[in-house]
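Working through the structure, step by step
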Protein chains: 2
Amino acid sequence: MKKKKKEVTIYDIAEELNVSATTVSRALNDHFSIGKKTTQAVKKLAKEMGYRPNIIASGLRKNKTNAIGVIVSWINRPFISSLISGIEDVADKAGYNVIISQSNDSFEKEITKAQTLYASRVEGLIVSLAMDTKSYNHFYPYRQNNIPIVFVDRVSFEMETDKVIINNFDAAFTATEHLIEMGCKRIAHFAGAQHRNIYKERQDGYIHALKKHNLPVDEQLILHSNLSMEEGWKGTRRLLSLSHPPDAIFSANDSAAVSAIQCAKEMGIRIPEELAVAGFNNDRISSIVEPPLTTINHPAIDMGKIAAQQVLKQKKNREMVESETVILKTELIIRQSSMRNRLAKGPTSDSESC
Amino acid sequence: MKKKKKEVTIYDIAEELNVSATTVSRALNDHFSIGKKTTQAVKKLAKEMGYRPNIIASGLRKNKTNAIGVIVSWINRPFISSLISGIEDVADKAGYNVIISQSNDSFEKEITKAQTLYASRVEGLIVSLAMDTKSYNHFYPYRQNNIPIVFVDRVSFEMETDKVIINNFDAAFTATEHLIEMGCKRIAHFAGAQHRNIYKERQDGYIHALKKHNLPVDEQLILHSNLSMEEGWKGTRRLLSLSHPPDAIFSANDSAAVSAIQCAKEMGIRIPEELAVAGFNNDRISSIVEPPLTTINHPAIDMGKIAAQQVLKQKKNREMVESETVILKTELIIRQSSMRNRLAKGPTSDSESC
DNA sequence: TCAGTTTACACAATCGATTGCGTAAAAATC
DNA sequence: GATTTTTACGCAATCGATTGTGTAAACTGA
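A short tour of the structure in this document, coming up. (Residues numbered from 1 in each chain as written. Chains lettered and ligands numbered in written order. Predicted model: local features only at pLDDT ≥ 70, side-chain atom pairs only at ≥ 80, totals over all residues. Heavy atoms only, no water.)

Structural notes on the sheet that holds strand 3 (residues 124-127) of chain A
- Overall, mixed pairing links the 12 strands, which are arranged 11(A)-5(A)-4(A)-3(A)-1(A)-2(A)-2(B)-1(B)-3(B)-4(B)-5(B)-11(B) in an open sheet. At either end of the open sheet lies a strand with only one pairing partner, and these are strand 11 (325-328) of chain A together with strand 11 (325-328) of chain B. Adjacent strand axes in the sheet meet at a mean angle of 20 degrees when their direction is disregarded.
- Pairing of strand 3 (residues 124-127) of chain B with strand 4 (residues 149-152) of chain B, which is carried by 3 bridges, proceeds in the parallel orientation. In the strand pairing of strand 4 of chain B, I126 of chain B is matched with V150 of chain B.
- Contacts from helix 5 (residues 78-93) of chain B reach strand 2 (97-102) of chain A together with strand 1 (67-72), strand 2 (97-102), strand 3 and strand 4 of chain B within the one sheet, and its direction differs from that of strand 2 of chain A by about 80 degrees. (Pairing = 2+ DSSP bridges. Helix = DSSP H or I, 4+ residues; strand = E, 2+ residues; numbered from the N terminus. Axes fitted to C-alpha atoms, helices over the stretch in contact; angles between N-to-C directions. Contact = heavy atoms within 4.5 Å.)

As for the sheet that holds strand 7 (residues 222-224) of chain B
Residues and elements named next belong to chain B.
- In spatial order, the strands read 7-6-8-9; together these 4 strands make up an open sheet with parallel pairing. A single partner strand is all that each edge strand has here, and the edge strands are strand 7 and strand 9 (276-278). Strand-to-strand, the axes of this sheet are offset by a mean angle of 15 degrees, without reference to chain direction.
- One ladder, built from 3 bridges, connects strand 8 (residues 248-251) with strand 9; its direction is parallel. Bridge pairing links F250 to A278 in strand 9.
- Packed onto the sheet, helix 9 (residues 197-212) meets strand 6 (187-191), strand 7 and strand 8 and runs at close to 170 degrees relative to strand 6.
- Strand contacts of helix 10 (residues 229-240): strand 6, strand 7 and strand 8, with the helix running at about 155 degrees to strand 6, the strand carrying the most contacts.

Focus: the interface of chain A and chain B
- The interface is formed by 61 residues belonging to chain A together with 60 residues belonging to chain B.
- Carbon and sulfur atoms make up 51% of the area that chain A and chain B hide from each other, which totals about 5000 Å².
- It is R52, R121 and I288 of chain A in chain A that bury the most area against chain B; as a group they hold 15% of the surface buried on that side.
- One can count 8 salt bridges joining chain A with chain B.
- Taking the shortest distance from any N to any O, the salt bridge between D92 of chain B and K113 of chain A comes out at 3.3 Å.
- Where chain A meets chain B, there are 22 residue pairs in polar contact (both at pLDDT 80 or more).
- Within the residue set of the side of chain A that touches chain B, elements represented by two or more residues are helix 4 (55-62), helix 5 (78-93), strand 2, helix 6 (107-119), helix 10 (229-240), helix 11 (254-266) and helix 12 (284-288) of chain A.
- When its residues are assigned to classes, the side of chain A that touches chain B shows 22 nonpolar, 19 polar and 20 charged.
- Sheet analysis places strand 2 of chain A next to strand 2 of chain B, joined by 3 bridges and oriented antiparallel. The residue of strand 2 of chain B that forms the bridge with V98 of chain A is I100 of chain B. (Buried area = accessible area lost by both parts, 1.4 Å probe. Salt bridge = Lys/Arg side-chain N within 4 Å of Asp/Glu carboxyl O. Polar contact = N/O pair within 3.5 Å; in protein donor to acceptor, adjacent residues only side chain to side chain. Nonpolar A, V, L, I, M, F, W, Y, C, P; charged D, E, K, R; others polar.)

Brief notes about the packing of aromatic side chains
- Evaluated as defined, the whole model comprises 6 aromatic pairs over all chains.
- When the ring centre of Y118 of chain A is taken as reference, the NZ or CZ atom of R52 of chain B above it lies at 3.9 Å.
- Across from the ring centre of F280 of chain B, 3.6 Å away, lies the NZ or CZ of R202 of chain B, which sits over that ring. (Phe/Tyr/Trp six-rings, centres within 6.5 Å; stacked < 30°, edge-to-face > 60°. Lys NZ or Arg CZ within 6 Å of the ring centre and 35° of its normal.)

Here you go:
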């Protein structure tokens, strides 16, 4: 019948039991100075009365929110959503909530979101930078307040923070070298924005592989774009209509690589015989396209888990220790889009599962 | 040099300006009773001193957290991550944070997560139920406390809450009828767990289409599974080795459907000539597989947006109004995996983009 | 048995912002 | 100029839990 059910507080419990709120609070927290029976009684009554601790009040006193903020470009991307999944997993186990927000790859939005999360007093921040982020002042408040920041995947070396990354250079190098080993002599590259570390590093790895094997680096074969499917398609058309077209494409992501395969096929180019293709990320589409796409596997979930662990670790080591960079292993997944030699036959080891 | 930078509070500002904290608080909130100059001065100084409101203290007083909780099975699924993306979008614009948590499709975890979010005092809850959730007591505390609950996609009609769903029955009916119109006479169905509404409704829609067109419903052709790629593959093998195999498969999701295509092709069955296939969800893989998969488009992002709006709306209408169910439109996307008549030639309208 | 220890609990301040109520000072009214 | 009305702001309680300090009562040991 009571319309406004007031929430039960420790005072209500205290009154009922004729003890002080202090005692109730301590009992609920298993403080040693409270008698066994009292503790039992308090807990019992608390449950009966449907008490739930007011973590806002508690948070005010203890200056805690139990929240970790996450800023990513878009949640609905295969890599990102797996990353978040990993973050949520360890954060939850440590008793933290995960607040997500997306920058939509916009610098301005990233700033806004960073401010919002700061105002929300998150106890840690995990960021995968927006495509066009070039300055980092919006993270300074965190720094000044000693709030752990961890950069993941798309990071900046201008800021000294913990980072969780992969070795993009090596991965790209490996993929490119693989194409070379498959006999490709003229390898094109779908590159991303060069101010974003991952794309720069991938391009560098690609170039390094060419150089190591004494292949010329032809600027004409390096196409910069946002790596969307459309751009992949357009780029492929462009490349294949060159007077001296490439015999392989190494794309900095899978979307564009898949488009390349589709476009080339439509143009009657055989893959991998006439054009070998390799991508990056091991998205699900990479194993579905025909022929299946050779790509780099990215340990997305692990990166998320480790990023969250870094936040927790930093919170422990109150005194600013050296910032740490964790580099995770990647793996070249060889599929048919690049298998030009007759030795390789069936699909190789693959982490295909659902 | 100061090691522990204490945070600036309204008291600090008040002192500096020789006014009361009350005035500062009101000035910052543009209260009418505070003079123009005073307000200006307060805001100016606040900015200079690097003041940030303590939303915990404010939240305690106003009993607000500005947080909306979300429980989903797995964040890293195409449909789910898009859903969340939509939620975050409107929640953020309304000044709310989104706390995500995943049930991993486990009933027990769903309970735990619901409790955690309840303890965190989220002001609203958006849920897509776990696969094996059959009771709903864990949501009662929300109900008792008048905290808005919105079910999305995987819902339960046992609980009266706002819901955002699609018409699975109609969508499945449409897809199945499409297969029938393409000349298929013996259509199999990959079905999911029948206690989860969406899979039950899809199966019902499938059956209804068969009946409408006087086709027999053969239990042998209805395979229940978790709809994973493995299960899709196994199911296809089983179906195709029947003495009287089906000439079409309607799968309740795209993963299993794609596997069906792959498996059938490997077995030398031509698609769609010998086996037409249709899926559900319009995942990216559906447009990549060959032949491209006919499927049902699911407005995931919109569902998320609307779910968030429902939460906000409920918060406004304090008095329990009737709970509302929003049913979103789906769309049959016809691709080549089902195009058996010679009329249809090129790919039809498709929402292919990146 | 009495000083010294433990045990078990209460007091009251505190975290920072909000808000109902009250009131001097300034402005308006006649 | 006296009175009423506005304007602009302060006082103090409040939100609910936490915690340093203080203290009766119970217990210990010689």
